[in-house]
Amino acid sequence: MFILKLKNKYNLTTFVFLLPWIITFIIFSVYPIIFSFGISFTDYTGLSPEMNFVGLKNYFSLFKDEIFLKAMRNTFIFVIGTIPFTTVISILLAVLINSKMVRFKGLFKAGFFLPSVMSMVVISTIWRYIYSADGILNYLLQTIGIEKNTGWLASPDTALLSIMIMNVWAAIGYYTIIFLAGLQSIPEELYESASIDGASNTDKFFKITLPLIKPTLFFVIAINTIRSFQIFTEIFTMTGGGPLNSTQTIVHYLYLTGFRQFRMGYASAMAYILVIIILIITLIQQRVLRSEY
Amino acid sequence: MSKKILLMVLLVGLALLSFGKTKISVWQFMMDDTLSKQVKAQFEAANPDIELEIVQLSWATGFDRIVTSIAAGSAPDVIELGNTWLATFASQGVLRPVDDIVGKVKDDYVAWNFVEYQEKTWGFPWLLAPRAMYYNLELLDKAGLDPDNPPKTWIELLNASAKIDALGPDIYGVGLCVGELYSPYQEWFLPAVWGNMGHFVSPDLKKATLNSDPVIETANYYRSLSNYALLGKESELAEAFGQGKLGFFFAGPAYINNTQRDYPETIFDVTLIPKPRDHHGYHASFAGGEVLGISSQCENVEEAWSVIEFLLSEEVAMQITRTTGEVFPTKVGIEKDPWFESHPLHATFLEQNKYAVPFPPLAEANKIEQLFTNIVEEILLTDAQIEEILQKYNQQIQNLL
């Protein structure tokens, strides 16, 4: 069937043009995915070519691994703790920029979007200075009489929260722009009719704006959920998972296990657990989407 | 026409010449691009049959590149490794034992305990980076302490830290590392254990001894020190020290040049790490360092050795010292080099190196290092009982031995 289709000149040309991408995708995505699934059932270290089949041992061991369980808990806290804030703040900023009251819209858009085009390594480094023991935040607290001899990232009580705050700050610009695109697709006449009917701004927001940007809303939540589950750069740059594994996340622990402890098989099993988690959540979100539309 | 023939002959000649050369690749962290080019030119001039490729790795991703290249079967011939990584790499068969070569240079260099694992030698000690104690002369003076007589024992350090800490809300007695891998235990908890004549593992490396009296005493002292401490990452502590907010902190020589350059107004000195008591223990320090290993995938061992011999030489190693100020050659008698006369702070680190102890050569060293960071953070950041903390991690270390 495929060959028959290829006989069509148009299809063949399309296929030839797609071939470089397909080859790259097979080599750099499909092959590693299959290979890592295979090694998740072995004791492969990454350093030695030897590997022994261990069955489901890696998967079972994960659920007895205290650090992995803590990493999973932290990842869920991170996801649940950041997504609502990112979403709500992004919507509010988008509505604000979209309103007629605000001038210099381009400036605001560029300003909010700036963190999105900056490297996360750069952002993390800047926030490290803000959060450091003698950083700006502690200095400001000192001026109001609160003394702290530990950096915000060096305390197990505040480290994860600090990274979450930074992440919300860094992410809102990108999602604001997406919401803005959604808002601008709402016909102006709807608001005008509502005004004639005597609707307040709050009514307009909840009865017109929010229902009509629902597809954008679901898109943002889905994308943000997947991204948040994969949080790595912030942790790698700012805390290394510490102190006391208080900022350990699944992907960072996976990295540590594979590349620092040389347990590639174990790390691969962890990756597949993460795949299953993301898959389940994405399916739930899709189901919700389908029920709405 | 004749020009074309001449060009072809030249090209063929060049191709033949390059085919006749043996290529040796070196992956390293310490030499920057300029120095690498200089070293390559010097080496190739002296060894026309060898083509040297020097790749500079970054501290952030270099380790991952090494691991990936080994897994892919394309490891470089010569690899620079931190001395704490050596046992793990050796245990995985990544490195070639070099006992057959070592005899040629054994008496010329120090720190062979960096490269020994299970009674074999797996590389060559290249560069040293012991830790010592930095102290702010001005803060000592303000606190009524003698700047010319910095603390030499634990109790003197504790008292001095308390006095400096009392100088103001943004002044701290001492800086202790937390919040990152490695530095919390290397600077200074584990060396303090060694200085207190303790060990976390028995001499035969089979039994965990973290719950022994010297370790418990050290942990209690460490916690008491935290009352006057600024806790943070090493770079944060170095910055606070530079800004004149810290009395003491422990680190390698890397911060001498940086502090002098970025904070010229801060007057500081370096001294030996305090020992437990006048008549007990010693000024133990963490023996950080870099080693050169030959990959087990290397097919030209003789040529790889020629490269290593060149890199080990005083000429090259001292160039690295002069350029970075962070490490010192392992060459015997290097302290006589005139450079150290004009760099007295660096010379103190060489003196400190006499008391430097490397991490024990354990195959699971990388996992135990991570546990040690947790131990220090639990001591400094929680109220858990010291004995309970040490007992818990003693069991975990025992499981890894």
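Residues numbered from 1 in each chain as written. Chains lettered and ligands numbered in written order. Predicted model: local features only at pLDDT ≥ 70, side-chain atom pairs only at ≥ 80, totals over all residues. Heavy atoms only, no water.

In the nomenclature of an unreviewed UniProt entry, chain B is known as ABC transporter substrate-binding protein of Petrotoga mexicana DSM 14811.

With respect to the overall build of chain B
Each helix and strand counted, chain B has 17 helices and 14 strands in total. For 401 residues, the compact-globule estimate of 2.2 N^0.38 gives 21 Å, and the C-alpha radius of gyration of chain B, at 23 Å, lies within 12% of that figure. Each principal axis of the C-alpha atoms in chain B carries an extent, and together these give about 85 × 50 × 35 Å. Surface exposure of chain B reaches about 16600 Å², of which carbon and sulfur atoms provide 52%. Separation between the mean location of the 29 positive side-chain charges and that of the 53 negative ones in chain B comes to 4 Å. (Helix = DSSP H or I, 4+ residues; strand = E, 2+ residues; numbered from the N terminus. Rg over C-alpha atoms; globule rule 2.2 N^0.38 Å. Areas by Shrake-Rupley, 256 points an atom, 1.4 Å probe, with all protein chains shown as cover. Lys, Arg positive; Asp, Glu negative; His and termini not counted. Charge placed at Lys NZ, Arg CZ, Asp CG, Glu CD.)

Structural notes on the interface of chain A and chain B
With 32 residues of chain A at the interface, the matching set in chain B holds 39 residues. Overall, the association of chain A and chain B removes approximately 2900 Å² of surface from exposure, summing both partners, and the carbon and sulfur fraction of that is 55%. If you sort the residues of chain A by the area they bury against chain B, Leu47, Leu244 and Arg260 of chain A come out on top, with a joint share of 23%. At the surface where chain A touches chain B, the tally comes to one salt bridge. We note a salt bridge from Arg260 of chain A to Asp64 of chain B, for which the minimum N-O separation is 3.0 Å. Counting the contacts that link chain A with chain B gives eight residue pairs in polar contact (both at pLDDT 80 or more). Elements with a contribution of two residues or more to the side of chain A that touches chain B: helix 6 (120-131), helix 12 (233-238) and helix 13 (250-260) of chain A. The leading source of residues in the side of chain A that touches chain B is helix 13 of chain A, at four residues. Considering only residue class, the side of chain A that touches chain B consists of 15 nonpolar, eleven polar and six charged. (Contact = heavy atoms within 4.5 Å. Buried area = accessible area lost by both parts, 1.4 Å probe. Salt bridge = Lys/Arg side-chain N within 4 Å of Asp/Glu carboxyl O. Polar contact = N/O pair within 3.5 Å; in protein donor to acceptor, adjacent residues only side chain to side chain. Nonpolar A, V, L, I, M, F, W, Y, C, P; charged D, E, K, R; others polar.)

As for the domain arrangement of chain B
Residues and elements named next belong to chain B. Segmenting chain B into domains produces domain 1 (23-130 + 287-357) and domain 2 (132-272 + 362-400). On the domain 2 side, the residues contacting the 19 residues of domain 1 number 22 residues. The contact between domain 1 and domain 2 buries some 1600 Å² in all, and 67% of this surface belongs to carbon and sulfur atoms. At the junction of domain 1 with domain 2, the criterion picks out zero salt bridges. For the pair domain 1 and domain 2, the interface holds one residue pair in polar contact (both at pLDDT 80 or more). For the side of domain 1 that touches domain 2, the secondary structure elements donating two or more residues are helix 4 (86-91), strand 6 (124-130) and helix 15 (344-352). Per-element tally for the side of domain 1 that touches domain 2: the top contributor is helix 15, with six residues. For the side of domain 1 that touches domain 2, the per-class residue count stands at nine nonpolar, eight polar and two charged. (Domains from an automatic or database assignment.)

Concerning the sheet that holds strand 10 (residues 246-251) of chain B
All names here are of chain B. Within the open sheet, the five strands sit side by side as 9-8-10-7-11. Their pairing is mixed. Unpaired on one side and paired on the other, strand 9 (229-232) and strand 11 (268-271) mark the two borders of the sheet. On average, each strand axis in the sheet is tilted by 25 degrees relative to the strand beside it, whichever way the strands run. Relative to strand 11, strand 7 (residues 132-136) runs antiparallel, the two being bridged by four bridges. Each bridged residue has a counterpart across the sheet, and for Tyr135 the counterpart in strand 11 is Asp269. (Pairing = 2+ DSSP bridges. Axes fitted to C-alpha atoms, helices over the stretch in contact; angles between N-to-C directions.)

Comments concerning the side chain of His346 of chain B
Residue and element names in this part refer to chain B. Assignment of secondary structure puts His346 in helix 15. His346 sits in the buried class, given a relative accessible area of 1%. One polar contact links the side chain of His346 to the main-chain carbonyl oxygen of Gly325, over a distance of 3.1 Å. (Buried < 20%, exposed > 50% of the residue type's maximum accessible area, 1.4 Å probe, protein only.)

Observations regarding the nonpolar core
Within the largest apolar cluster, 67 residues are counted, with the highest numbers of intra-cluster contacts made by Ile66, Phe89, Phe124, Leu311 and Ile320 of chain B. Broken down by element, this core gets its largest block of residues, seven residues, from helix 12 (residues 301-312) of chain B. When neighbours within four sequence positions are excluded, Phe124 of chain B is seen to be in contact with Val98, Ile101, Val102, Val105, Trp112, Val115, Glu290, Val291, Leu292, Trp305, Ile308 and Leu312 of chain B. Listed in part, the 57 residues of the second largest apolar core include Ala154 of chain A together with Ala143, Val215 and Ala219 of chain B. (Core = buried A, V, L, I, M, F, W, Y, C linked by side-chain atoms within 4.5 Å.)

Looking at the pattern of salt bridges
Residues and elements named next belong to chain B. A full pass over the atoms with the stated rule returns twelve salt bridges over all chains. When the shortest N-O distance is used, the salt bridge between Lys40 and Glu44 registers 2.8 Å. With Lys40 and Glu44 both in helix 2 (residues 33-46) and four residues apart, the pair spans about one turn of that helix. Among the residues examined, Lys40 registers a relative accessible area of 28% and is labelled partly exposed. Between Arg277 and Glu217 there is a salt bridge whose closest N-O contact spans 2.8 Å. Within this pair, whereas Arg277 is found in the loop between strand 11 and strand 12 (285-294), its partner Glu217 is found in helix 9 (residues 213-225), the two being separated by 60 residues in sequence. According to the relative accessible area criterion, Glu217 is partly exposed, its value standing at 31%.

As for the packing of helix 7 (residues 154-165) of chain B against helix 9 of chain B
Residue and element names in this part refer to chain B. The geometry of helix 7 relative to helix 9 is characterised by a closest axis approach of 10 Å and an angle of 15 degrees between their N-to-C directions. Regarding the angle of helix 7 to helix 9, the classification is roughly parallel. Relative to helix 9, the crossing made by helix 7 is left-handed. Residues Trp154, Leu157, Leu158 and Ser161 of helix 7 form the contact with helix 9, whose participating residues are Thr218, Tyr221, Ser224 and Leu225. Across the contact of helix 7 with helix 9, the residue classes tally to five nonpolar, three polar and no charged. (Parallel < 35°, antiparallel > 145°, perpendicular 65-115°, else oblique. Left-handed = near helix turned anticlockwise from the far one by under 90°.)

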